[in-house]
Amino acid sequence: MARISLDLLQHFVAAARLGNLSRAAEQANLTVSALSHQIRQLEQRVERKLFDRGPRGVQLTAEGRRLLEAVGHHFEGIDRAMSSYRCRREEALTLSTIPGVMSSWLVPRLARLVAAHPELELNLQSSVTLVDFERDPVDAAVRYGRGVWSGVETEQLFGEWIAPVVSTALLERMRDADSGDLGSWPLLGDPGNRWRDWFETFGGTPPRRYVAQFDTTDALQRAALEGMGVALGRMVTARPLVEAGLLHVLGERYMHIPEAYYLVYPPRSRDHAGLRVFRDWIHCEAEAYAQSMAYAAGQHA
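A quick note: this is a predicted structure, and the numbers were derived from the prediction, not measured.

Novice: Would you mind showing me how to read the packing of aromatic side chains here?
Specialist: The geometry of an aromatic ring pair comes down to the distance between the two centres and the angle between the two planes. Applying the stated criterion to the full structure yields 10 aromatic pairs. Look at Phe158 and Tyr261: their rings are 5.1 Å apart centre to centre, the planes differ by 40°, and that puts the pair in the tilted class. Residue Phe158 is located in strand S6 (residues 153-167), and its partner Tyr261 is located in strand S11 (residues 255-265); the two are separated by 103 residues in the primary sequence. Exposure remark for Tyr261: the relative accessible area of 1% places this residue in the buried category. Ring centres of Phe278 and Trp281 lie 5.7 Å apart, and the angle between their planes is 45°; on these two criteria the pair is classed as tilted. Placement of the pair is Phe278 and Trp281 together in helix H11 (residues 273-299), with a separation of 3 residues, close to one helical turn. Relative accessible area serves as the criterion here: at 0%, Phe278 is assigned to the buried category. Clustering of aromatic rings is evident, with ring pairs tying together Trp105, Tyr144, Phe158, Tyr261 and Tyr289.

Laid out in structure tokens, this is it:
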């Protein structure tokens, strides 16, 4: 038992936390077959079955959970202890962003950053989950919310506006409908239940039911593009589609909401040269965007 290698335990912890051998093998730079062999080897050494294997992945047995509770926090401690010794290149910046912000807002502007700072090396990661800066090798992130996160520096970039958006096809089908009476249109339920706020602000009668409910903004926006109904779109992702003529703001009304987009980073990144360059650039871009969005909303207030 004393000769069980750290590699076996480390790979066990990775598979246990991910619940997926393919992802755990990729993380460990192993084939799935090699990782499976190591897990079987560990099970033989401890004389316990650690995983139940099924078509949807692997799940820990009761013995597997006991082992993870016993050794998992030790690997977290080792990772935290070694993080300060990892090679850090000041011109390289790893940034985590929300998928919608990545594709609709950040990427279309990055050419200006790269042109002005060709020495900067960007590693962009897209994720809907919050980065754990203590465990993940990420220098900074763009987050959406109300700016209350512990253990990080928080800088607001710009606020968010929402508006009813509709496809050209649906506009044509509903051409005789009153754009000011949204209750008579097929509405798509949004993840944040903002329709309630919308009707309280602008008046009108909410529909008895929504055509469909969505738990992600991306799916909601896609449904609007397909003409399924009217979506209450976030302008950071919907505005490029409006400008391209793929979506239209119904009634030309906008509502400012409490949530906003923030640049966040851990204290360890405060003096990172690459982050300082990126930080100055994104604040300039954010200010220009916020002014243009406020002007657009004011024009149609």
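Novice: Sorry, what's going on with the side chain of Glu160 here?
Specialist: Relative to the helices and strands, Glu160 is located in strand S6. Look at Glu160: it is buried, it has no salt bridge, and the nearest opposite charge is Arg234 at 4.9 Å. A distance of 3.4 Å separates a polar side-chain atom of Glu160 from the backbone nitrogen of Val236. Within the structure, Glu160 has its side chain in polar contact with the side chain of Tyr261 (distance 2.6 Å). Apart from the residues lying within four places of it in its own chain, the contact partners of Glu160 are Tyr144, Arg234, Met235, Val236, Met255, His256, Ile257, Glu259 and Tyr261.

Novice: What exactly am I supposed to notice about the side chain of Asp190 here?
Specialist: Residue placement: Asp190 occurs in the loop between strand S7 (188-189) and helix H8 (194-202). Buried charge Asp190 goes without a salt bridge, the closest partner of opposite sign being Arg194 at 5.6 Å. Of the polar contacts made by the side chain of Asp190, one reaches the backbone nitrogen of Arg194; its length is 2.8 Å.

Novice: Just to check I follow, could you spell out the pattern of salt bridges for this structure?
Specialist: Close approach of charged atoms lets side chains of opposite charge pair. In the structure shown here, the tally under the stated rule is 16 salt bridges. Note that Glu172 is salt-bridged to Arg175, the shortest N-O span being 2.9 Å. Residue classification places Glu172 among the partly exposed positions, given a relative accessible area of 47%. Among the salt bridges present, the one from Arg196 reaches Asp197, with a minimum N-O distance of 3.9 Å. A single salt-bridge network, built from bridges that share partners, covers Arg146, Arg194, Arg196, Asp197 and Glu259.

Conventions and cut-offs
Residues numbered from 1 in each chain as written. Predicted model: local features only at pLDDT ≥ 70, side-chain atom pairs only at ≥ 80, totals over all residues. Heavy atoms only, no water. Phe/Tyr/Trp six-rings, centres within 6.5 Å; stacked < 30°, edge-to-face > 60°. Helix = DSSP H or I, 4+ residues; strand = E, 2+ residues; numbered from the N terminus. Buried < 20%, exposed > 50% of the residue type's maximum accessible area, 1.4 Å probe, protein only. Lys, Arg positive; Asp, Glu negative; His and termini not counted. Salt bridge = Lys/Arg side-chain N within 4 Å of Asp/Glu carboxyl O. Polar contact = N/O pair within 3.5 Å; in protein donor to acceptor, adjacent residues only side chain to side chain. Contact = heavy atoms within 4.5 Å.

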